[in-house]
Amino acid sequence: MSTLATTAARAFRGATTTGRSSEELREIVSHWGAELELAPAEHIIEWAAATFGERFCITSSMGDAVLAHLAAKVVPGVDVVFLDTGYHFIETIGTRDAVAATLDVNLITIAPVQSVEEQDAQYGKDLFRTDPDLCCKLRKVTPLAESLSGYDAWATGLRRAETHNRVIAPVIGWDAKRGKVKVSPIARWSDQQVERYIAENGVLVNPLAYDGYPSIGCAPCTRRVAPGDDPRSGRWAGTGKTECGIHS
């Protein structure tokens, strides 16, 4: 472990639970955003852990364990937040369980306030079909916001290569919606870089990624993608919807 990584791990374990103000957090983004734009992903995670300590977490949708694997090497025991929407493929839940069992992370599963059955009773059956934006808000966006309340910064596996909407995603940015620092350590990674990291490190991958699902969301709203098509074209296919709202 590098000197910076050791510092990060110590800071992570010994940090207080007192959060910084929005002004302080925005100042951190302003100062460090450009400084870390070209830094390796491991260094970005090291910086975040050293800066925010226990008020820093990783989020993962369990399409793969790349970000969790990177974080576990740099900051053993880091919190990894997973949103269990109640609609996930069994393969996604299995990937989550495998990450918890094999990586040195603190896996935290977050669930919406309402079960699927309770949501059906209030809004009608299959809200994902009748109002997908509201379904995503209830089962993803709101639970994530609540789960991040105890953190000053959160890391995501967002990459610019994934969609045109994500091209401008900064490595260190300000999440105004939640009042947090948003860290995207692999934002600059290409698909080839991700594949190489997975192969070289034996990283866990959701089995669906090898079965025609290059982008994996909730089971009712995710379809297989034909070879050569946009990797995210299987998400909310036929609805015109392209994002769940977490990154917008």
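Refer to the structure presented above.
In this text the structure is predicted, and so the values were computed from the model without any measurement.

S.K.: Hey, could you go over the packing of helix α2 (residues 22–32) against helix α3 (residues 41–52) for me, with residue numbers and the actual values?
M.R.: For any two helices packed against each other, one specifies the crossing angle of their axes together with the interaxial distance. Interaxial distance between α2 and α3 falls to 13 Å at its minimum, and their mutual angle equals 150°. With respect to α3, the element α2 is oriented roughly antiparallel. In the packing of α2 onto α3, the handedness of the crossing is right-handed. Here α2 contributes L25, I28 and W32 to the contact with α3, which in turn contributes W47, T51 and F52. Taken together, the residues that form the contact of α2 with α3 break down as five nonpolar, one polar and no charged.

S.K.: Which residues make up empty space enclosed by the protein, and what are the values?
M.R.: One simple way to see leftover space: roll a probe sized like a water molecule over the atoms. A full pass over the atoms with the stated rule returns one cavity of 30 Å³ or more. Estimates place the volume of the largest cavity at around 120 Å³. Around the largest cavity, the lining comprises 14 residues; the ones closest to its centre are C136, K140, C218, C221 and W236. For the lining of the largest cavity, the element with the most residues is helix α8 (residues 132–147), which contributes five residues. Taken together, the residues of the lining of the largest cavity sort by class into eight nonpolar, three polar and three charged.

S.K.: Would you mind going over the sheet that holds strand β2 (residues 78–83) in detail, with residue names and values included?
M.R.: If you trace the six strands from one edge of the open sheet to the other, you get β3-β2-β1-β4-β6-β5, paired in mixed fashion. The sheet is open, and its two borders are formed by β3 (105–110) and β5 (172–175), each paired with just one other strand. For this sheet the average axis-to-axis angle between neighbouring strands, irrespective of direction, equals 30°. Direction of pairing for β5 relative to strand β6 (residues 180–183): antiparallel, over a ladder of four bridges. Within β6, the position partnered with D175 by the bridge is K180.

S.K.: Can you break down the packing of aromatic side chains residue by residue, with the values?
M.R.: Scanning the entire structure with this criterion turns up five aromatic pairs. Ring centres 5.6 Å apart and planes at 55° place the aromatic pair W189 and Y197 in the tilted group. The exposure class assigned to W189 is buried, which follows from its relative accessible area of 12%. Here the aromatic residues W32, W47 and F52 are joined through ring pairs into a cluster of three or more.

Thresholds, definitions, all that
- Residues numbered from 1 in each chain as written.
- Predicted model: local features only at pLDDT ≥ 70, side-chain atom pairs only at ≥ 80, totals over all residues.
- Heavy atoms only, no water.
- Axes fitted to C-alpha atoms, helices over the stretch in contact; angles between N-to-C directions.
- Helix = DSSP H or I, 4+ residues; strand = E, 2+ residues; numbered from the N terminus.
- Parallel < 35°, antiparallel > 145°, perpendicular 65-115°, else oblique.
- Left-handed = near helix turned anticlockwise from the far one by under 90°.
- Contact = heavy atoms within 4.5 Å.
- Nonpolar A, V, L, I, M, F, W, Y, C, P; charged D, E, K, R; others polar.
- 1 Å grid on protein atoms, 1.4 Å probe; cavity = no way out; pocket = protein on both sides within 12 Å on 5 of 7 lines; lining within 4 Å.
- Points joined across faces, edges and corners; volume = space filled by probe spheres on them.
- Pairing = 2+ DSSP bridges.
- Phe/Tyr/Trp six-rings, centres within 6.5 Å; stacked < 30°, edge-to-face > 60°.
- Buried < 20%, exposed > 50% of the residue type's maximum accessible area, 1.4 Å probe, protein only.

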